[in-house]
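# An overview of the molecular structure
One-letter residues, chain by chain:
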Amino acid sequence: MWASEPIPFDPMEVALHKAYAKIAVKDERSYYKLIHEYPLSGKPPMMTHIFESKNKTIISAKGAPEALISVSQLSDAELNQIEKAIQELTNEGFRILAVAEAKFEDKNFPKTQQEFQFDFKGLVAFYDPPKANINSVLEHFYQAGITVKIITGDNAETTTSIAKQIGFVGYENSISGDELMKLSDEALQERVSETNLFTRMFPDAKLRIINALKSNQEIVAMTGDGVNDGPALKAAHIGIAMGQKGTEIAKEAASLILIKDDLLNMVDAIAMGRKIYSNLKKAIQFIISIHIPIILTVFIPLVLGWVYPSIFSPIHIIFLELIMGPTCSIVYENEPMEKNTMQQKPRPFTDTFFNWKELSTSIIQGVVITCGTLFVYQYCLYSNCNEALTRTMVFICLITSNIFLTLSNRSFYYSILTTIQYKNNLIPIIISITGFITALLLYVPSLSAFFSFEPLNGSQLVFSVSVGFMAVIWYEIVKIWKRNTAKL
């Protein structure tokens, strides 16, 4: 307790103060004042506090057992006894601190705490049980293709024992901070790729790990709570500090703060990020796909000098834009997360927003819809339809394609029969409004005249809707192929 802060913040120091309050015959804390302290330093680290009362001075140190053993006078028998105790306790997953006391009569305290001659007092074992949900959290990370690494100041035995308990992948292989610092940058980049357990780490070693991972083109998120984590938190792409037990330095260096210190919140944040990213891509892919037929349906008849070159006027384009705007900005924004979102592998660091495969999918969808609208156009010419009737059937074909493209592109993997079950209340609202307004344009004479439309009979309406449907629904076959390929 004397080797801890008078007002403890660190959970281990809090535990020490509580233990002292329970076992102390007389609580002497109020009689002493902290007059000098040596902060946590050294490799392995230790810290020393000097308290003084009216007639007594207490010089107490605690830290890694190796650190205090090196500054204490111990016989071979005592050293063997200590090492045996450390081995037994660490194998059971306990975190170990050594405690020592020094005598020093002079008030001119040495520059470093290692200059004191300490009397080794003993070991204190802490058990910090893993959170109940840590196995589930790790499983979520692994399923999402996220590699998890433990970087800790604890020794290899304690860390390995805890890692084994929680089902941590790679607990068998570890490296210490001293070993790590001896590696060249090239060797370190290779080592950090194959090692997931880093023990007896100090600030410089943690920072080298983060920079090595970044050099390997990894996107690095690091969690931390201590002062020693500050440089690494700052260097990581995403520094994540603990809100409850994190120091102010850690919080200032971090990009995010976990209010409840629960890593499950990180899983939720990753899922939310992937959902937003996926929905944004769906909206943009929809915009690309639906604009291609609008542009080409206007452009091709005009350039090729077809019978009705001005099949769409600005008023038709404005109406189509009004229909498409809510579709992409509102509908896709409210799409729920797909079932396989957290099973997808993280994107490579060098990936662009759209890869060629995704972009070509949208272009092909747009071209096929264009083929559908131009097919309706040519069918109308073959059937000797007038310009108003041709315009109306092409317009209905395009509106139908817009509706079914909205439904189909809710997922580029799952069937439309699956996505139709997703809860998005805006889908039926937007589709109903689109259908209702389109019906008004067709069958309200004043609106039909304004848009230069002509009411369709049953067969004409069914033909236009069918072509618009077929111009989109073909992609469902591609989805079936994707799902079957993924299972192989």
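The structure this text deals with has already been given above.
Residues numbered from 1 in each chain as written. Predicted model: local features only at pLDDT ≥ 70, side-chain atom pairs only at ≥ 80, totals over all residues. Heavy atoms only, no water.

### A closer look at the overall build of the chain
Tallying secondary structure elements over the chain gives 19 helices and 11 strands in all. Whereas a compact globule of 488 residues would reach a radius of gyration of roughly 23 Å, the chain reaches 34 Å, over 25% beyond that. With respect to the three principal axes, the spread of C-alpha positions in the chain is 110 × 45 × 35 Å. Considering the chain as a whole, with its 488 residues, one finds that 42% of them fall into the buried category. Separation of charge centres in the chain, based on 43 positive and 47 negative side chains, amounts to 5 Å. (Helix = DSSP H or I, 4+ residues; strand = E, 2+ residues; numbered from the N terminus. Rg over C-alpha atoms; globule rule 2.2 N^0.38 Å. Buried < 20%, exposed > 50% of the residue type's maximum accessible area, 1.4 Å probe, protein only. Lys, Arg positive; Asp, Glu negative; His and termini not counted. Charge placed at Lys NZ, Arg CZ, Asp CG, Glu CD.)

### With respect to the packing of aromatic side chains
Under the defined criterion, the tally for this structure stands at 22 aromatic pairs. Residues F319 and F395 carry aromatic rings whose centres are separated by 5.6 Å and whose planes lie at 40° to one another, so their mutual orientation is tilted. Residue F319 is located in helix α12 (residues 314-331), and its partner F395 is located in helix α14 (residues 387-408); the two are separated by 76 residues in the primary sequence. The pair formed by F319 and F395 is uniform in burial state, with each residue classed as buried. Consider the rings of F319 and F451, whose centres lie 5.9 Å apart with planes at 75°: the pair is edge-to-face. Taken together, the residues F319 in helix α12 and F451 in helix α17 (residues 445-451) connect sequence positions 132 residues apart. Accessibility assignment for this pair places F319 and F451 in one class, buried. (Phe/Tyr/Trp six-rings, centres within 6.5 Å; stacked < 30°, edge-to-face > 60°.)

### Describing the packing of helix α4 (residues 134-143) against helix α11 (residues 264-304)
At their nearest, the axes of α4 and α11 sit 9 Å apart, and the two run at 30° to each other. On the basis of the axis angle, α4 is roughly parallel to α11. Every pair of crossing elements has a handedness; the one defined by α4 and α11 is left-handed. Facing V137, H140 and F141 of α4, the residues of α11 in contact are L264, M266, V267 and I270. Tallied by class, residues from the contact of α4 with α11 come to 6 nonpolar, 1 polar and no charged. (Axes fitted to C-alpha atoms, helices over the stretch in contact; angles between N-to-C directions. Parallel < 35°, antiparallel > 145°, perpendicular 65-115°, else oblique. Left-handed = near helix turned anticlockwise from the far one by under 90°. Contact = heavy atoms within 4.5 Å. Nonpolar A, V, L, I, M, F, W, Y, C, P; charged D, E, K, R; others polar.)

### Overview of unusual backbone geometry
What is expected of a backbone is that most residues other than glycine have negative phi and most peptide bonds are trans. Following K43, the chain continues into P44 via a peptide bond in cis, with omega recorded as -5°. Its place among the elements puts P44 in the loop between β1 (33-41) and β2 (46-52). With phi around 60°, S452 is a residue other than glycine that occupies positive phi space. With a relative accessible area of 33%, S452 lands in the partly exposed category.

### Regarding the side chain of K281
With respect to the helices, strands and loops of the structure, K281 is situated in helix α11. Engagement of the side chain of K281 in a polar contact is seen with the side chain of E358, the distance being 2.7 Å. Sequence-distant contacts of K281, defined by excluding residues within four places in its chain, comprise F353, F354 and E358. (Polar contact = N/O pair within 3.5 Å; in protein donor to acceptor, adjacent residues only side chain to side chain.)

### Looking at the pattern of salt bridges
Following the criterion strictly, the structure yields 16 salt bridges and no others. In this structure, the salt-bridge partner of E13 is K62, at a minimum N-O distance of 2.7 Å. Of this pair, E13 sits in helix α1 (residues 11-23) while K62 is found in strand β3 (residues 57-63), placing the two residues 49 residues apart along the sequence. Like K62, E13 is buried. In this structure, E101 engages K121 in a salt bridge whose closest nitrogen and oxygen atoms are separated by 3.6 Å. Taken as a pair, E101 in strand β4 (residues 95-102) and K121 in strand β5 (residues 118-126) lie far apart in primary sequence, 20 residues in all. Assessed through its relative accessible area of 22%, E101 is described here as partly exposed. Residue K121 is classed as exposed on the basis of its relative accessible area of 53%. (Salt bridge = Lys/Arg side-chain N within 4 Å of Asp/Glu carboxyl O.)

Everything listed here is a matter of coordinates, which is why it stays silent on function.
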